[in-house]
Amino acid sequence: MRLTRRGDAASNEARKGVYAALDLGTNNCRLLVARPIRDTGAESFRIVDAFSRIVRLGEGLAQSGRLSEAAIIRTIDALLVCRDKMAARDVARARLIATEACRAAENGAEFVARVRAQTGLELEIISRETEARLAAAGCAALADTAAKSVLLFDIGGGSSEIVWLSPGRAAKDGQSDGQVRHWTSLQLGVVTLAEKFGGAEVSFKQFTAMTELVVSELQHFHARSSKEERCGRFHLLGTSGTVTTLAGVHLNLARYDRRRVDGLWMSHAEIDTVMNRLRGMSYSERARNACIGPDRADLVLAGCAILEGIRRCFPSERIRIADRGLREGMLLELMRADKSFA
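Attention in this report is confined to the structure presented alongside it. Since we're looking at a predicted model, the values are computed, not measured. Residue positions within a chain follow its written sequence, with the count starting from 1. Only residues with pLDDT of 70 or above have their local features reported here, since the model is predicted, and side-chain atom pairs are shown and tallied only from 80 upward, although totals for entire chains, interfaces and linings are computed over all residues. Computation of side-chain values: all heavy atoms of the structure, hydrogens and water removed.

## Focus on the sheet that holds strand β8 (residues 180-186)
Item 1. In short, DSSP must find at least two bridges between two strands for them to pair. Strands here mean DSSP runs of E at least two residues long; helices mean DSSP runs of H or I at least four residues long; both are numbered from the N terminus. One open sheet holds the six strands; their spatial order is β8-β7-β6-β9-β11-β10, and the pairing between them is mixed. Sheet topology places β8 and β10 (265-267) at the edges, where each strand pairs with a single neighbour. In this sheet, neighbouring strand axes are inclined to one another by 20° on average, regardless of whether the strands run parallel or antiparallel.
Item 2. On top of the sheet, helix α6 (residues 128-139) reaches β6 (150-155), β7 (160-165), β8, β9 (235-239) and β11 (318-322); it is set at about 60° to β7, its chief contact. Note on method: axes are straight lines fitted to C-alpha atoms, helices fitted across the in-contact stretch only, with angles between N-to-C directions ranging 0 to 180 degrees. In this analysis, two residues are considered to be in contact whenever any of their non-hydrogen atoms come within 4.5 Å of each other.

## Some remarks on the nonpolar core
Item 1. Nine residue types can take part in a nonpolar core, namely buried Ala, Val, Leu, Ile, Met, Phe, Trp, Tyr and Cys, and a core is a set of them joined through side-chain atoms within 4.5 Å. When accessible area is computed with a 1.4 Å probe and restricted to protein chains, residues below 20% of their type maximum are described as buried, those above 50% as exposed, and intermediate ones as partly exposed. With 50 residues, the main nonpolar core has L151, F153, L278, L307, F314 and I319 as its most contacted residues.
Item 2. Within the residue set of this core, elements represented by two or more residues are β6, β7, α8 (190-197), α9 (204-225), α10 (241-250), α12 (268-279), α14 (300-313) and β11.
Item 3. With nine residues, the top contributor of residues to this core is α14.
Item 4. The residues touching I319, leaving out its near neighbours within four places in the chain, are F153, L236, G238, V243, L264, W265, M266, I271 and L307.

## Some words on the side chain of D144
Item 1. By secondary structure assignment, the location of D144 is in the loop between α6 and β6.
Item 2. For D144, a relative accessible area of 10% puts it in the buried group.
Item 3. Nitrogen and oxygen atoms within 3.5 Å of one another constitute a polar contact, given that in protein one can donate a hydrogen and the other can accept it, and given that sequence-neighbouring residues count only through two side-chain atoms. Polar contacts involving the side chain of D144 include one to the main-chain amide nitrogen of A146, which spans 2.9 Å.
Item 4. When neighbours within four sequence positions are excluded, D144 is seen to be in contact with V150, P167, R233, H235, W265 and R318.

## Some points on unusual backbone geometry
Item 1. The phi torsion at R56 lies on the positive side, around 50°, for a residue other than glycine.
Item 2. Structurally, R56 can be placed in the loop between β3 (44-54) and α2 (61-64).
Item 3. Despite not being glycine, K339 has its phi angle at roughly 55°, a positive value.
Item 4. Secondary-structure assignment places K339 in the segment after α15 (326-337).
Item 5. Residue K339 is classed as exposed on the basis of its relative accessible area, which comes to 61%.

## Quick word on the packing of α12 against α14
Item 1. For the pair α12 and α14, interaxial distance at closest approach is 11 Å and the crossing angle is 150°. In terms of orientation, α12 and α14 fall into the roughly antiparallel class. Crossing hand, α12 versus α14: left-handed. Where α12 abuts α14, its residues H268, I271, D272, M275, L278 and R279 lie against V300, L301, C304, L307, E308 and R311.
Item 2. Broken down by class, the residue content of the contact of α12 with α14 amounts to seven nonpolar, one polar and four charged. For this classification, under 35 degrees means roughly parallel, over 145 means roughly antiparallel, 65 to 115 means roughly perpendicular, and everything else is oblique. The sense of a crossing depends on the near helix, which, turned anticlockwise from the far helix by less than a right angle, makes the crossing left-handed and, turned clockwise, makes it right-handed. Classes in brief: Ala, Val, Leu, Ile, Met, Phe, Trp, Tyr, Cys and Pro nonpolar; Asp, Glu, Lys and Arg charged; the others, Gly included, polar.

## Brief notes about the pairing of β9
Item 1. Taken across its five residues, β9 has five buried, putting it largely inside the fold.
Item 2. Of the two faces of β9, the one holding H235, L237 and T239 and the one holding L236 and G238 are both buried throughout.
Item 3. Relative to β9, β6 is paired through five bridges, and the arrangement is parallel. When the bridges of β9 are listed, V150 appears paired with H235.
Item 4. Pairing between β9 and β11: four bridges, direction parallel. Opposite L237, over in β11, you have R320 as the bridge partner.

## Here's the deal with the environment of E43
Item 1. Among the secondary structure elements, E43 is positioned in the loop between β2 (28-37) and β3.
Item 2. Sequence spacing of E43 and M335 is 292 residues, and the spatial spacing of their C-alpha atoms is 9.0 Å.

## A word on the pattern of salt bridges
Item 1. Salt bridges are counted wherever a side-chain nitrogen of Lys or Arg sits within 4 Å of a carboxyl oxygen of Asp or Glu. For the structure on display, the rule yields 26 salt bridges.
Item 2. In this structure, R95 and E333 form a salt bridge, with 3.9 Å as the shortest nitrogen-oxygen distance. Linking R95 in strand β4 (residues 93-98) with E333 in helix α15, this pair joins segments that are 238 residues apart in sequence.
Item 3. With a relative accessible area of 23%, E333 lands in the partly exposed category.
Item 4. Taking the shortest distance from any N to any O, the salt bridge between E100 and R128 comes out at 2.9 Å. Of the two residues, E100 is situated in helix α4 (residues 100-104) and R128 in helix α6; the sequence distance between them amounts to 28 residues.

Any functional reading would require information beyond the geometric quantities listed.
Quick look at the structure:
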């Protein structure tokens, strides 16, 4: 299978109109395949296929500095599924990215070469800045355009991206994905925190220590963004498994439903309530919850601690939940480059 990359001519893409975006993170491997929707008056696309699997590529990375053989095998198995899905949908234009695990690992480049040899897929290890920008591109449509400032955050497995947006200014200037004023990337994610502090059973002391570490790591960004103009419509905009899980638990969903979660507004008090509820659950109770499951049961409290640290540094009365992010950002950028919305 040959995939047309970003720099190739757009004639093939315009003819076929099938795009794919793959995000290989520290914890998950996610794929979206979509077609642009034209003549709707807005930039949009229709998802024709999707795939998500928890692979824990970064498992043990903080201790060893390397991607383990078991994690590599799990990940390549998932990537083979992605390759076959893209081939079945006749994808002509794709971007396939890898993030913190591959950035940090001594054998990250070796892993990318092995993926190429075994799957034919060309992974691109992106910078933290690119990751923050793609998150903004994928989520900014959910920001309140009447707000002078919005804090976007993406809690990942090995890192967390924080972006200060000015959606009102962006709307005035005709920008479609928000105006990025400041950004930072914390080398803290749900996998790294859970491995350091514990994830299956988390005491009050452990949760407090995780939260305080996040607060400490955010101080430089907090100082840089402190002079930015805010207003009464300031809010947080979160994208990650952590916030979508919180939303699902808050809604008491018997089965996770993206349609009910993506775009959901939650109040400060509602976030407090659901986080306290999660902290009161045992590991087995979290594992049995339909919106958490056994694959996330040992990670969700680390994610809650990261969110709590963000909330302490940037208090807000409301947060909007986004079940979208890097993949959507990549798809939009590819389609805009091909003038698919013209």
